[in-house]
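Summary of the model geometry
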Amino acid sequence: MEIIKKIFQDKFAKAAFIILLVLYVIILFADFIAPYSNTYSNRDMSYAPPSKIYTIDENGNYSRPYTYNYIREYEPALMQTVFKQDRSHKYYLRLLPKGEGYKFLGLIPTHRHLFGTAEKGGQLYLLGTDINGRDVFSRLLFGGRISMTVGFLSLLVVFPIGLLYGGISGYFGGIVDTLMMRFAEAIMAIPSFYLLIILAAILPSGMTSVQRFALIVVILALIGWAGFARVVRGMVLSIKKEDFVQAEKTIGASNLRIILKHILPQTTSYVIIAMTLSVPSYILAESGLSFLGLGIQQPDASWGNMLKEAQEFTNILYRPWLLTPGLLIFIAVLSFNLLGDAIRDILDPKSRAGKGIR
Amino acid sequence: MRADVPEKLPDKFVNQELKNIDYPDDEKNVTINGVDYLQSQAPVGKFGGELVISTIGEGPKTFNPCNTKDATSSSMAGLMYDGLLTTNPRSGKVVPLLAKSFEIDENDYTIHLRHGVKWSDGKPITADDVMYTFEEIVFKGFGNPSTMDAMMMDGKLPELVKIDDYTVKFTTPRPFAPFLRQLTYPIVPKHYFKPYSDKGESVFNAFLSPDTPPKTIVSNGAFRLKEYVAAQRVVFERNPNYYKINLKGEKLPYLNKLVYMIVGDTNNEILKFEAKEVDVLSLRGSNVARYKLKEPDSDYTIYNLGPDTGTLFLIINLNNRKDRNGKPYVNPTKHSWFANRDFRAAIDWALDRKNMVQNIASGVAEPLFTAESLNSIYLNNYIKGHPCDPNVSRESLTKAGFVNKDGILYDNDGNRVEFDLYTNAGNLEREALGVMIKQDLEDLGMKVNFKPVEFNSLVNKLTNTHDWDMAIMGLTGSPLEPHDGKNVWTSKGSLHLFNMRPSDYKVDDRLDWEKEIDDIFREGALKLSFEERKPLYDRYQTIIYNQKPIIYLYSPTRITAIRKKFKNIFPTPLSGLIYNLDEIYVE
């Protein structure tokens, strides 16, 4: 709690913390907040621009918010698809309209969504649609579920291995330390990019893309713990010379107990910082891998594979709404980094640059 | 003379947009001072300048015209080496090129060579070079053996005799329609190639690798290699000894230089075109609209060349064989569905081709229902296709014994209908197609696991391990020669993907319609005239359309932009935009 209080004293950290909190709440309630489901698609509305929402009607009076549907037309002479608003019918927006059925938090079946058009047949594409006519806004929320959580999956692998390995290596020292560290260096030397390309070819194709991606993350983590273990080992080397460790030894505590109960807890501040700072790197890795076709595959959504669609030249020019996943990646990564920096300043004041008295 | 193309091409080959183009007459033979030149009838242009074309990928893998296995290498080697005959870009007929003329008498094909034409190093081109090319390269299967395979009939190759220094005669064991078109094979210089081919196939295959010093290469095409910078560009320059002349008797080509810029992907290509670094751009999908819109105030012209020669399709695995360990390639339950024609028909009727064209190809494509591509002269025009109608699908599923309970489809043994659909990952078009097909089929109650996988692993599945259910794939095609599809359609073909048999397979377990297609391809090769062959190839397309082992989706329209400063541009649906590089000039 002390940490959270301190975070709130730092403007940037406070903003980052709130943004991340909001993002996680939104993806948790994605089914409810998104007007459409992950798989909804309207064939006739491929690449429709974002719906315009009006609060002032054609006579200049204030009105309940409403929107118009789009009509798609094809001009054969120019070989061009154009979207026009169908001004003949207004679709008013309302809170909690009935839409596609889903299970709220995976438990309670319901048809209500947070917002949408009051009438059936209305289209509300806050951020336009993609090539298959799927609502980009809804898919952003569902995609966030994958993109924002993969980082934590890797933490589950990296940290237990790294802590224990670094702890044992540093504590015993000598030949054990030398052997364990050379092995860790060998692991670090494995080129991860080429490993991924090989994995993409040999992973069994019977897996769903989420399983496959989880496996890739775990494998990446399995070669990623070595760097972390080296830092932990360095810290343990200095901690083991402290008096309390010597005292522990004289009482006759087992080595494992000393490492787990007394030495590793001393590295907590570093671990928390390293954890916060490593999450964004996995968010970026996910988008990079999806971009290369190694990550989450269609029709599942992730920010990375949604961004892939924006790669095409005309999409950047004419369909800027397809770039929104990139904006979200940027915001999420920046927030994690700001938060990580702030936590480091709080937990580890010695490393703080600038202000100290010398 | 016999022709394997119709006297007059059907109307669709006179593309509306290309109607106003004033095509020059066909080239003529002209003899000046004892040299048999080929005279272009195109308007006389100016000499000089350069044309920059882009090529996507890694660049050429070899300059050896006999050993090309990819499109980039073969188009570049094709510039450097001419064959005896060529395809007329407008009529599709086989016409002389390096040969001065040819005569066909039953199974004898007599070829007369030009007098006085030379290799780029000044040595004369004679019958010895032709004899060498066929006898010591093609017939021995050196390099890419596809021409040898195509010339082989009942295990026998044609005979070749030298009549004099400028005449050779081929004799086929039997009348064989696709033979003549095989004589477009590039002729190579004996004095330059023989030292390498004598050392065996592996030395020959490594010969003329991309790092060969350009000055040493001896060729006979309109252009010769000037420079190759790996992964950047390939530069060709005028071959001063080329045998084609213009109406004034000046030696072609007009261009000083022809540059192939090697680009990574289509986006890169477009940016290079925008930056005016590249002069020709082929447009797809939504880019067409952008460039059409800008065309009136731009420095380029856009040509619509009609449908592409390739095909895009959904293929179903009908394989019922077992692997070495006795495990079936395809789960027997799934196989019982796939083997059912009504099941396949249900899939076909459920596919929304209209929206595939509209959404994925941005309207720049046409729905496809036939095994021959839309610009093939052998296209079966009686196959009109059908609209998307899920009700027809449901009827045929019911007929096939499937039951739909609460939106979930079961077969008559109570198994849920669930299968995998593969395509190659990283291809936006095919991934979007997969998403659509998945939805269409899930509306019928099937469960489709859509799995984009890396391209080479997909090809391995299709051709080696056979452990797939359905896939979205494409194949290249030929607008003029349906026999080229032999490897796909005959039951033992190397790309008979929907029912692959091992190469040493002895059991005759062909389906009735597979047998009929085998017969059609054997017979079609023996018939010589277009009129005799057309009904046969119509029949094979009808069989495929009825049996639906492969369900065709759509065929993109080829739209190409070229800068206005280039003249003598005579695009044709058969040959594309810049087939006549020797006649194109810069204004």
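Rules used throughout
- The residue numbering used here restarts from 1 in each chain and proceeds along that chain's sequence as written.
- Chain letters and ligand numbers both follow the written order, the letters beginning at A and the numbers at 1.
- Reporting in this predicted model follows two pLDDT cut-offs: at least 70 for local features of residues, and 80 or more for side-chain atom pairs to be given and counted; totals over whole chains, interfaces and linings ignore these cut-offs and use all residues.
- Segments assigned H or I by DSSP are reported as helices when at least four residues long, segments assigned E as strands when at least two residues long, and all are numbered from the N terminus.
- Just to be clear, the radius of gyration here is over C-alpha atoms, and the globule rule we use is 2.2 Å times residues to the power 0.38.
- Burial in this document is a count-based property: other C-beta atoms within 10 Å of a residue's C-beta are tallied, and the residue is buried at 20 or more, exposed at 12 or fewer, or partly exposed in between, with C-beta positions derived from the backbone.
- Placing a C-beta atom from the backbone of each residue, one calls two residues in contact when those atoms lie within 7 Å.
- Strands pair, by our definition, only if DSSP identifies at least two bridges between them.
- For every element, the axis is a line fit to its C-alpha atoms; helices are fit only across the contacting stretch, and the angle between N-to-C directions ranges from 0 to 180 degrees.
- The crossover handedness rule: strands pointing away from the viewer, path from first strand over the helix to second strand clockwise, crossover right-handed.
- Here, a nonpolar core means buried Ala, Val, Leu, Ile, Met, Phe, Trp, Tyr and Cys residues linked by C-beta atoms lying within 7 Å of one another.
- Confidence of the predictor in every single residue is expressed as pLDDT, which spans 0 to 100.
- By definition, any crossing whose near helix is turned counterclockwise from its far helix by less than a right angle is left-handed, and any crossing with a clockwise turn is right-handed.
- Residue polarity is assigned by list, with Asp, Glu, Lys and Arg as charged and Ala, Val, Leu, Ile, Met, Phe, Trp, Tyr, Cys and Pro as nonpolar; anything else, Gly included, falls into the polar class.
- By this rule the span expected of a helix is its residue count minus one, scaled by 1.5 Å.
- Arc definition: directions from the helix axis to the C-beta atoms.
- Oblique is the label for every angle not falling under 35 degrees (roughly parallel), over 145 degrees (roughly antiparallel), or within 65 to 115 degrees (roughly perpendicular).

**Points about the overall build of chain B**
When its secondary structure is counted, chain B shows 17 helices and 26 strands. Against the 2.2 N^0.38 benchmark of 25 Å for 587 residues, chain B shows a C-alpha radius of gyration of 25 Å, consistent with a compact globule. Here chain B holds 587 residues, and the buried ones make up 44% of them. Long-range contacts, defined here as pairs at least 24 residues apart, represent 69% of the contacts in chain B between residues at least 6 apart.

**Details of the overall build of chain A**
Of the regular secondary structure elements, chain A holds 14 helices and 6 strands. Radius of gyration (C-alpha) of chain A: 26 Å, far over the 21 Å computed for a compact globule of 358 residues. The dimensions of chain A, computed from C-alpha atoms along their principal axes, are 85 × 50 × 45 Å. Across the 358 residues of chain A, 36% fall into the buried class.

**Concerning the sheet that holds strand 3 (residues 50-56) of chain B**
Residues and elements named next belong to chain B. One open sheet holds the 4 strands; their spatial order is 3-13-11-10, and the pairing between them is mixed. Each edge of the open sheet carries a strand with a single partner, namely strand 3 and strand 10 (223-229). Across the sheet, the axes of successive neighbouring strands diverge by a mean angle of 20°, strand direction being ignored. Both strand 10 and strand 11 (residues 233-238) contribute to a ladder of 6 bridges, which runs antiparallel. Among the inter-strand pairings, L225 is bridged to a residue of strand 11, identified as F236.

**Comments concerning the interface of chain A and chain B**
Facing the 23 residues of chain A at the interface are 34 residues of chain B. Those elements giving two or more residues to the side of chain A that touches chain B turn out to be strand 3 (80-95), helix 7 (192-202) and helix 13 (313-318) of chain A.

**Some points on the pairing of strand 2 (residues 62-75) of chain A**
All names here are of chain A. Inspection of the sheet shows strand 1 (residues 53-56) paired to strand 2 by 3 bridges, in the antiparallel sense. Bridging across to strand 2, Y54 finds its partner in Y66. Taken together, strand 1 and the strand that follows it, strand 2, pair antiparallel across an intervening segment of 5 residues, in which G60 is found at a positive phi of about 85°. Strand direction decides the pairing type here: strand 2 and strand 3, joined by 9 bridges, are antiparallel. For Y66, the partnering residue across the bridge sits in strand 3 and is Y92.

**Here's the deal with the sheet that holds strand 8 (residues 159-164) of chain B**
Sheet strands pair by backbone hydrogen bonding; their relative direction is either parallel or antiparallel. Residues and elements named next belong to chain B. If you walk across this open sheet you meet the 4 strands as 6-7-9-8, and the pairing is antiparallel. The sheet is open, and its two borders are formed by strand 6 (99-105) and strand 8, each paired with just one other strand. Taken over all neighbouring pairs, the strand axes of this sheet differ in orientation by 20° on average, direction set aside. Sheet strands in contact with helix 2 (residues 127-138) are strand 7 (108-113), strand 8 and strand 9 (167-171), and its direction is about 170° off that of strand 8.

**Concerning the pairing of strand 20 (residues 418-424) of chain B**
Looking along a regular strand, one sees side chains alternate from face to face of the sheet. Residues and elements named next belong to chain B. For strand 20, the buried fraction is high: 5 of the 7 residues fall into the buried class. Inspection of the sheet shows strand 20 paired to strand 21 (residues 447-453) by 7 bridges, in the parallel sense. Within the sheet, the bridge partner assigned to L421 lies in strand 21 and is F450. Note that the unit made of strand 20, helix 13 (residues 428-442) and strand 21 has a crossover that is right-handed. Bridge count for strand 20 against strand 22 (residues 470-475) is 2 bridges, and the pairing is parallel.

**Here we look at the nonpolar core**
Formed by 214 residues in total, the largest nonpolar core has its most connected members in L84, A471 and L553 of chain B. A per-element tally of this core places helix 8 (residues 209-239) of chain A first, with 11 residues. The contacts of A471 of chain B, once residues within four sequence positions are left out, are I315, L421, Y422, T423, L458 and L462 of chain B.

**Things to note about unusual backbone geometry**
Look at the link from L252 of chain B to P253 of chain B: it is a cis peptide, with omega at 0°. On the secondary structure map, P253 of chain B appears in the loop between strand 12 (244-245) and strand 13 (257-263). Here L96 of chain A, not a glycine, exhibits a phi torsion of approximately 50°, which is positive. Tracing the sequence through the fold places L96 of chain A in the loop between strand 3 and strand 4 (98-104).

**Section: the confidence of the model for chain A**
With 94% of its residues at a pLDDT of 70 or more, chain A shows a mean pLDDT of 84. Long-range and interchain partners of residues 352-358 of chain A, a stretch whose pLDDT sits below 50, account for 1 contact in this model, where long-range means more than four residues apart.

**Focus on the environment of L79 of chain B**
Residue and element names in this part refer to chain B. With respect to the helices and strands, L79 occurs in helix 1 (residues 71-80). The class of L79 is buried, set by 24 C-beta atoms lying within 10 Å. Spatially, the C-alpha atom of L79 lies 8.8 Å from that of F236, the residues being 157 residues apart in sequence. The residues contacting L79, other than those within four sequence positions of it, are G221, A222, F223, F236 and L581.

**Structural notes on the packing of helix 9 (residues 243-251) of chain A against helix 10 (residues 255-263) of chain A**
All names here are of chain A. Following both chains from N to C, one finds helix 9 and helix 10 inclined at 145°, their axes separated by 11 Å at the closest point. Relative to helix 10, helix 9 is oriented so that their crossing is right-handed. Where helix 9 abuts helix 10, its residues F244, V245, E248 and K249 lie against I258, H262 and I263. Here the contact of helix 9 with helix 10 is composed, by residue class, of 4 nonpolar, 1 polar and 2 charged.

**As for helix 13 of chain B**
All names here are of chain B. For helix 13, spanning 15 residues, the distance from its first C-alpha to its last is 21 Å, which sits close to the expected 21 Å at 1.5 Å a residue. Those residues of helix 13 lying buried are R430, E431, A432, L433, G434, V435, M436, I437, K438, D440 and L441. Packing partners of the buried residues in helix 13 comprise strand 16 (311-316), helix 10 (341-350), helix 11 (353-360), strand 20, strand 21 and strand 22.

**Some points on helix 2 (residues 11-28) of chain A**
A turn of α-helix holds 3.6 residues, and therefore any two residues three or four places apart point the same way. Residues and elements named next belong to chain A. Helix length check: helix 2, at 18 residues, gives a terminal C-alpha distance of 26 Å against a target of 26 Å (1.5 Å per residue), a fit within 8%. All buried positions along helix 2 are accounted for by A13, A16 and I27. All buried residues of helix 2 project into a common sector of 70° when viewed along the axis, lining one side. Among the exposed residues of helix 2, those pointing more than 90 degrees away from its buried face are K11, L21, V22 and V25. Looking at the buried residues of helix 2, the elements they touch are helix 1 (2-7), helix 3 (30-33), helix 4 (136-147) and helix 14 (324-347).

**Some details on the packing of helix 10 of chain B against helix 12 (residues 390-399) of chain B**
All names here are of chain B. One way to put it is that helix 10 packs onto helix 12 with a least axis distance of 8 Å and a crossing angle of 170°. The pairing of helix 10 with helix 12 is recorded here as roughly antiparallel in orientation. Of helix 12, the residues touching helix 10 (which contributes D342, F343, A345, A346, W349 and A350) are P390, V392, S393, S396, L397 and K399.

**With respect to the environment of F343 of chain B**
Residue and element names in this part refer to chain B. Locating F343 in the fold gives a position in helix 10. A tally of 24 C-beta atoms within 10 Å means that F343 is categorised as buried. Along the backbone, F343 and S396 are 53 residues apart, and their C-alpha atoms lie at a distance of 6.9 Å. Those residues within four positions of F343 in sequence are excluded, and the remaining contacts are W337, F338, L397 and A400.

**Things to note about the confidence of the model for chain B**
Residue and element names in this part refer to chain B. Taken over all residues, the pLDDT of chain B has a mean of 89, while the share at 70 or more is 97%. Mean pLDDT in chain B bottoms out at helix 3 (residues 146-151), which sits at 83, and peaks at strand 23 (residues 550-552), which reaches 95. On the interface metric, ipTM, the complex scores 0.75, and its pTM is 0.82.

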